[in-house]
Amino acid sequence: MKAIKNITLLFLLVVLIMNASSIAKYFFPFNHAEAIAKYSKMYNVDPIMVSAVIKTESNFDVDAKSKKNAYGLMQITPDTARWIADKMNMDNFSLDMLTDSDTNIKMGCWYLSNLNKEFNNNDLALAAYNAGRGNVQKWLKDPQYSKDGVSLTNIPFPETDRYITKVKLYYKIYKFLYF
């Protein structure tokens with residue numbers, strides 16, 4: 001009887017291991033892969049980073065809306081969206097477009113690229129994506145948060161610190177599962 005139980009457990013373990021990737025991919029989907037690839041390439045951002053940001057921001061929910069009034073996959077706020085649309089010369093932009101996955105990813109990739117160009121550092125770009133570029137600029141000028149004006153020694157917003165940690169963890173998971 002004990003041998004049958006052990007064989008059954010071993011069989012279940014083997015099945016679980018063989019399906020681990022499928023199980024992980026259920027919890028870490030890679031939806032909208034074409035749009036992510038297209039706009040990541042167009043705006044020279046890492047598609048794995050874009051996927052990790054989307055997972056963190058909306059868990060790939062196209063209709064996500066935050067308490068701070070951010071919309072879509074990449075959780076773009078109305079003010080930021082209007083600014084991005086203006087910089088991208090998007091004619092006839094409306095906030096309804098933020099729930100269109102293609103438009104949201106395009107704008108989010110452009111914005112990540114813009115932040116990467118300004119800060120030349122992934123962690124700072126992620127901090128700015130979460131807390132706003134103005135906050136990151138202030139932190140870099142404050143010796144309490146930056147010793148060199150180029151990198152942060154600590155982040156005063158715990159939410160932003162957790163955000164960066166989460167995106168970087170998801171980055172590793174997405175890289176392992178899909179790339």
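Treat the numbers as computed from the prediction; the structure is a model and nothing was measured. (Residues numbered from 1 in each chain as written. Predicted model: local features only at pLDDT ≥ 70, side-chain atom pairs only at ≥ 80, totals over all residues. Heavy atoms only, no water.)

A. Representation of the environment of Gly132. Along the chain, Gly132 falls in the loop between helix 7 (122–131) and helix 8 (133–141). Sequence separation between Gly132 and Thr80 is 52 residues, and the spatial gap between their C-alpha atoms is 9.5 Å. (Helix = DSSP H or I, 4+ residues; strand = E, 2+ residues; numbered from the N terminus.)

B. Layout of the nonpolar core. Counting 50 residues, the largest nonpolar core has Val53, Met74, Met107 and Tyr129 as the members making the most contacts within it. For this core, the secondary-structure elements that each account for two or more residues are helix 3 (33–42), helix 4 (47–58), helix 5 (78–87), helix 6 (101–119), helix 7, helix 8 and helix 9 (158–178). The biggest single contributor to this core is helix 6, with 8 residues. Once you skip the residues sitting within four places of it in the chain, Met74 turns out to touch Val50, Val53, Ile54, Glu57, Asn104, Ile105, Gly108, Cys109, Leu112 and Tyr129. (Core = buried A, V, L, I, M, F, W, Y, C linked by side-chain atoms within 4.5 Å. Buried < 20%, exposed > 50% of the residue type's maximum accessible area, 1.4 Å probe, protein only. Contact = heavy atoms within 4.5 Å.)

C. Representation of the packing of helix 6 against helix 8 in the model. Put simply, helix 6 and helix 8 touch, their axes get as near as 12 Å, and they point 15° apart. As the angle between them shows, helix 6 and helix 8 are arranged roughly parallel. Crossing geometry of helix 6 relative to helix 8 is assigned as right-handed. Residues Tyr111, Asn114, Leu115, Glu118 and Phe119 of helix 6 form the contact with helix 8, whose participating residues are Arg133, Val136, Gln137 and Leu140. For the contact of helix 6 with helix 8, the per-class residue count stands at 5 nonpolar, 2 polar and 2 charged. (Axes fitted to C-alpha atoms, helices over the stretch in contact; angles between N-to-C directions. Parallel < 35°, antiparallel > 145°, perpendicular 65-115°, else oblique. Left-handed = near helix turned anticlockwise from the far one by under 90°. Nonpolar A, V, L, I, M, F, W, Y, C, P; charged D, E, K, R; others polar.)

D. Region of the structure containing the side chain of Ser113. Relative to the helices and strands, Ser113 is located in helix 6. Those residues in contact with Ser113 that sit more than four places away from it in its chain are Tyr43 and Val45.

E. Fine view of the packing of helix 4 against helix 9. The geometry of helix 4 relative to helix 9 is characterised by a closest axis approach of 8 Å and an angle of 125° between their N-to-C directions. With respect to helix 9, the element helix 4 is oriented oblique. In this structure, helix 4 crosses over helix 9, and the sense of that crossing is right-handed. Taking contact as the criterion, the partners of Ile48, Met49, Ser51, Ala52, Val53, Lys55, Thr56 and Glu57 in helix 4 are, on helix 9, Tyr163, Lys166, Val167, Tyr170, Tyr171, Tyr174 and Lys175. Each residue belonging to the contact of helix 4 with helix 9 can be placed in one class, and the counts come to 9 nonpolar, 2 polar and 4 charged.

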